[in-house]
Amino acid sequence: MEAREGERAGRWVALAVAVAVVLRVWEALESSLWLDELHTLSHASLPTLGAVVEHVRAEVVHQPLFFGVVHVFGGWEEGALLRFLPVLSSLLLFLPVVAFARAAGLSARGVALAAWLLACLPYQVHYATELRPYAWLAVFSAGAMWAAFSEHGSRFGRLALFALCVAAGVLTHRIMEVVVLSIGVARLLVRSRDMLPLGWLIGAGALAVLPEVPWLLAYAQKATSDRLDYQADVGGFVLRPALVKEALVLPSRLFAPFLGALGGSWAMLAKVGASVFFLVGIGGLVGAWRRRASAGPLPAPLRALACATLVCFALVFVLSFYRWDRLPLQYFAPVAWALPVGVAVLAERWPERSRAQFVGLIASSALALGVAQAGGRNMEDMRGAVAIARELGASRGEVLYTGLMVQPSLFSHTLAYDAYARDLPRIEPDAAPRLGAPGFERPLVVLRRGRIPLDDERWVQLLEGRSIVAERKVDDYLAIFVLAPAP
């Protein structure tokens, strides 16, 4: 009977993996690269691996492993095709998710539901596709947690896996250090003789994290200085209403980060799917709370996973608020992968007489959400913006193309053209011909990303002797302007 249950679960997990591949490939082909992904290509397109490492280190907050691997496979010419790296890597998450579901003692249906949710939930689809390090960060975080909390297998094998995931994770993104701390807190609170001893975890984690301590201290000092300067500028501590709203909806956005922004019928499908998913999920939470006495405690690996997830979530929340006064979704990738396991545990504790209906509603609404995510429009359509820039410039003679981006200074402002229009004559805004200089008579097409007001110094320089003769909004982030010499 047990073998039959395992075989049944295996078939459903295989189907979930297939659906995951379809949704992620669909999203990768359908969606445009956005600014941060262009930064990845800018790193990767440098001539040598040493130059990539140096360029990434200059960005301060990022680590070079992911960008170095992208560099090995290509750069601007390959473009969005390089998304295959995070897509394929993200499939490794099925291993710890299924392992934790089995460690929870879930039935074949519960294990299959956890895998299905990992395949379909929009957060997982989106960040498994994005050409950034977050899919890798999730994989290394999940691997480290499984190695730390598992009660089966060789101890030295688990220790080697933990050390490898921590080392690779730290070289992928510095948020991994928060994950290591969270794992340590969880092991301190959840005792099990069959798990790796806490001392082993501390030793293996220290080897990877200690070299980063000088950077962490310097970064903490800078973050504090920037925070105090910001509060001085705004007249003291100010809790922005927008941040409060962002915090309140954050838990739901770790399942479905974008709803109305998907546009048209896709947004409608996403809203219907989200309504069913969250209503049924809330019902599951209420039911589990009412039956908590009879349900019994969770197995130790699940309690440790829950503890590490909550600690990591809280630390990332506080650090994000303190450093940026906002809550970037991508930094919660180390914990979002665990949510499918939590929902599957809730489903397993639903009354048997209607459990199949509960699972069916959760699974079908998750599929609707995943399809809407893969098919919906881009939040930031650089590809569409470049197409519009080309269209506006095509009828205006010898046009020059440039851009204005809100981004770190080490990146150029013409990244979008590097990705989608390498044939167009493009220049940096500082190189645009000034009033009275040769070439000033040529119209200038400007792709603006971010809210850069017209009284900004860069705009003032471009507008000297010129006027805006055409303007086209692309989305909430992007707009195209055509400048020509003023009469």
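Everything that follows concerns the structure shown earlier in this document.
Residues numbered from 1 in each chain as written. Predicted model: local features only at pLDDT ≥ 70, side-chain atom pairs only at ≥ 80, totals over all residues. Heavy atoms only, no water.

S.K.: Help me understand the pairing of strand β4 (residues 478-485) in this model?
M.R.: If a strand is regular, its side chains alternate between the two faces of the sheet. For β4, the buried fraction is high: 7 of the 8 residues fall into the buried class. Relative to β4, strand β2 (residues 444-449) runs antiparallel, the two sharing 6 bridges. The partner of R448 across the bridge, within β4, is A479. Two elements, strand β3 (residues 466-473) and β4, share 7 bridges in a ladder whose sense is antiparallel. Each residue of the ladder has a partner; that of K473, found in β4, is A479. In this antiparallel pair of consecutive strands, β3 and β4, the connection spans 4 residues. (Buried < 20%, exposed > 50% of the residue type's maximum accessible area, 1.4 Å probe, protein only. Helix = DSSP H or I, 4+ residues; strand = E, 2+ residues; numbered from the N terminus. Pairing = 2+ DSSP bridges.)

S.K.: Explain the pattern of salt bridges to me, please; I cannot follow it from the model alone.
M.R.: Between side chains of opposite charge, a pair can form as their charged atoms come close. According to the stated counting rule, one finds 15 salt bridges in the structure shown. Measuring nitrogen to oxygen at the nearest pair gives 2.9 Å for the salt bridge that ties R390 to D423. Residue R390 is located in helix α21 (residues 382-394), and its partner D423 is located in the loop between α22 (415-420) and β2; the two are separated by 33 residues in the primary sequence. Note on R390: relative accessible area 31%, which makes it partly exposed. D418 serves as the salt-bridge partner of R426, at 2.7 Å between the closest nitrogen and oxygen. According to the relative accessible area criterion, R426 is partly exposed, its value standing at 27%. Judged by its relative accessible area of 12%, D418 is buried. Look at the salt bridges and you will find they share partners, linking R109, E352 and R355 into a network. (Salt bridge = Lys/Arg side-chain N within 4 Å of Asp/Glu carboxyl O.)

S.K.: Would you mind showing me how to read helix α13 (residues 213-234) here?
M.R.: Residues three or four positions apart in an α-helix share a direction because the helix packs 3.6 residues into each turn. In this model α13 runs 31 Å from its N-terminal to its C-terminal C-alpha over 22 residues, within 8% of the 32 Å that 1.5 Å per residue would give. Listed in full, the buried residues belonging to α13 are Y219, A223, R227 and Q231. Angular distribution of buried residues about the axis of α13 spans 100 degrees; they occupy a single face of the element. Exposed side chains of α13 directed beyond 90 degrees from the buried face belong to P214, L217, Q221, L228, A232 and D233. Buried-residue contacts for α13 involve α17 (300-324). Positive phi shows up at G235, right after α13, with a value of about 85 degrees. (Expected span 1.5 Å × (residues − 1). Arc of directions from axis to C-beta. Contact = heavy atoms within 4.5 Å.)

S.K.: Which parts of the structure should I look at to understand helix α7 (residues 108-120)?
M.R.: Between its terminal C-alpha atoms α7 stretches 18 Å, which fits the 18 Å expected from 13 residues at 1.5 Å a residue. Judged by how many residues are buried, α7 sits mostly within the fold: 12 of 13 residues are covered. Listed in full, the buried residues belonging to α7 are A108, G110, V111, A112, L113, A114, A115, W116, L117, L118, A119 and C120.

S.K.: I tried to follow the side chain of E177 on my own but got confused; where do I start?
M.R.: Counting through the fold element by element, E177 comes out in helix α11 (residues 176-189). Lacking a salt bridge, the buried E177 has R174 as its closest oppositely charged neighbour, with an N-O distance of 4.7 Å. Contacts of E177, omitting those with residues within four sequence positions, involve V170, V209, E212 and L216. (Lys, Arg positive; Asp, Glu negative; His and termini not counted.)

S.K.: Sorry if this is basic, but what is going on with the packing of aromatic side chains here?
M.R.: Within a pair of aromatic rings, the relevant descriptors are the distance that separates the centres and the angle that separates the planes. One pass over the structure, following the stated rule, counts 21 aromatic pairs. Arranged with centres 5.5 Å apart and planes meeting at 80 degrees, the rings of F73 and F84 form a pair that is edge-to-face. One end of the pair, F73, is in helix α4 (residues 65-73); the other, F84, is in helix α5 (residues 84-90), and 11 residues separate them in sequence. Relative accessible area serves as the criterion here: at 44%, F73 is assigned to the partly exposed category. Residue F84 is classed as partly exposed on the basis of its relative accessible area, which comes to 33%. Its end group placed over the ring of F321, R227 keeps NZ or CZ at 4.8 Å from the ring centre. (Phe/Tyr/Trp six-rings, centres within 6.5 Å; stacked < 30°, edge-to-face > 60°. Lys NZ or Arg CZ within 6 Å of the ring centre and 35° of its normal.)

S.K.: What should I look at first to understand the nonpolar core in this one?
M.R.: Most often, soluble globular proteins keep nonpolar side chains buried together rather than apart. By size, the foremost hydrophobic cluster in this structure holds 135 residues, and its most contacted members are M145, F149, F162, I183, W337, Y417 and L447. When residues in this core are grouped by element, the largest group, 12 residues, is from helix α9 (residues 134-149). Leave out the neighbours within four places in its chain, and W337 touches L93, V97, F100, Q124, A138, S141, A142, M145 and L305. Within the second largest apolar cluster, 11 residues are counted, among which are L404, A432, W459 and L483. (Core = buried A, V, L, I, M, F, W, Y, C linked by side-chain atoms within 4.5 Å.)

S.K.: Just to check I follow, could you spell out the environment of Y127 for this structure?
M.R.: Note on placement: Y127 falls in helix α8 (residues 122-129). Its relative accessible area of 8% is what places Y127 among the buried residues. Each C-alpha atom, one on Y127 and one on L329, is 9.6 Å from the other, the two residues being 202 residues apart in sequence. Setting aside residues no more than four positions away along its own chain, Y127 makes contact with A135, L329 and Q330.

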